Amino acid sequence: MLPLLMLFSIPIAYYVKGYSWEESLIVGPLFNFSAFILLGCIPTFLIHRSHYINNKDFSLFVDKISGKITINEDKQYDIDSLEFIEHLAISKKRQEDGKFRLITPWSNYSYLKVITPDNNQYKISSNVVCSSELPIRVHSREYTLWPSIR
């Protein structure tokens, strides 16, 4: 479907911008490719990079039997004593309210903020583990267009 929609740039270049048909066949796909790089690849790369940098040395061990989570091999907490805040892309809010929201290339990126009883905060990228795979109850969800880890 997307390649068919991209064909609209050729008549737009011809009728609106005044290019010849030969030039439109060159300019239209070039515009599409540039838009794909600028609006798709670069933002996705930046979010992926922020998730990687913030989680490259992160380790997480979940013991479902004893109900404990070990973070970075040195801190152990009871699962029930932790607060979990999930940060999602705004397009995921459509599952709650049913309103249409634009899906972006980075819509699947999210992170889970874990707040411990001693007020330490850890941010776990969706690249490391999805919150639905953990035996936790998410206390709240926050939505943003740009779910990069800060």
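Residues numbered from 1 in each chain as written. Predicted model: local features only at pLDDT ≥ 70, side-chain atom pairs only at ≥ 80, totals over all residues. Heavy atoms only, no water.

### Quick look at the side chain of His87
Then step 1. Mapped onto the secondary structure, His87 falls in strand 4 (residues 83-89).
Then step 2. Given a relative accessible area of 5%, His87 falls into the buried group.
Then step 3. Ignoring anything within four residues of it in the chain, the contact list for His87 reads Ser110, Tyr111, Lys113 and Glu142. (Helix = DSSP H or I, 4+ residues; strand = E, 2+ residues; numbered from the N terminus. Buried < 20%, exposed > 50% of the residue type's maximum accessible area, 1.4 Å probe, protein only. Contact = heavy atoms within 4.5 Å.)

### A few points about the sheet that holds strand 2 (residues 68-71)
Then step 1. Read from one edge to the other, the open sheet built from 3 strands follows the order 1-2-3, with strand pairing classed as antiparallel. Looking at the sheet topology across the chains shown, the edges are occupied by strand 1 (60-63) and strand 3 (75-78). Averaged over all neighbouring strand pairs, the angle between strand axes comes to 20 degrees, with direction disregarded.
Then step 2. In this structure, strand 1 lies alongside strand 2, joined through 4 bridges in antiparallel fashion. Note on strand 2: the bridge partner recorded for Asp63 is Lys68. (Pairing = 2+ DSSP bridges. Axes fitted to C-alpha atoms, helices over the stretch in contact; angles between N-to-C directions.)

### Topic: the side chain of Ser148
Then step 1. With respect to the secondary-structure elements, Ser148 resides in the segment after strand 7 (140-144).
Then step 2. Taking the relative accessible area as the measure of exposure, Ser148 reaches 10% and is therefore buried.
Then step 3. Those residues in contact with Ser148 that sit more than four places away from it in its chain are Ile47, Ser50, His51 and Tyr111.

### Regarding the UniProt feature "transmembrane region" (unreviewed entry) in the protein chain
Then step 1. The UniProt feature table records "transmembrane region" (unreviewed entry) at residues 28-47.
Then step 2. Note that residues 28-47 is 100% helix and 0% strand, and that its end C-alpha atoms are spaced 28 Å apart. (UniProt positions renumbered as here; feature names shortened; annotations may be inferred.)

### Some remarks on helix 3 (residues 21-55)
Then step 1. For helix 3, built from 35 residues, the straight-helix expectation of 51 Å at 1.5 Å per residue is met to within 8% by its first-to-last C-alpha distance of 50 Å.
Then step 2. Ile37 marks the point of greatest bend in helix 3, at about 35 degrees.
Then step 3. Every buried residue belonging to helix 3 is among Ser24, Gly28, Asn32, Gly40, Pro43, Thr44, Ile47, Ser50, His51 and Asn55, and all of these are buried. (Expected span 1.5 Å × (residues − 1). Bend = angle between axes of the 7 residues up to and from the residue.)

### Structural notes on the sheet that holds strand 6 (residues 121-125)
Then step 1. The sheet built from 4 strands is open, its strands ordered 6-5-4-7 with mixed pairing. Edge positions in the sheet fall to strand 6 and strand 7, since each has one partner strand and no second. Each strand of the sheet is rotated relative to its neighbour by a mean of 20 degrees, with strand direction disregarded.
Then step 2. Looking at chain direction, strand 4 and strand 7 are connected through 5 bridges and run parallel. Across the sheet, residue Ile85 finds its bridge partner in strand 7, namely Ser140.

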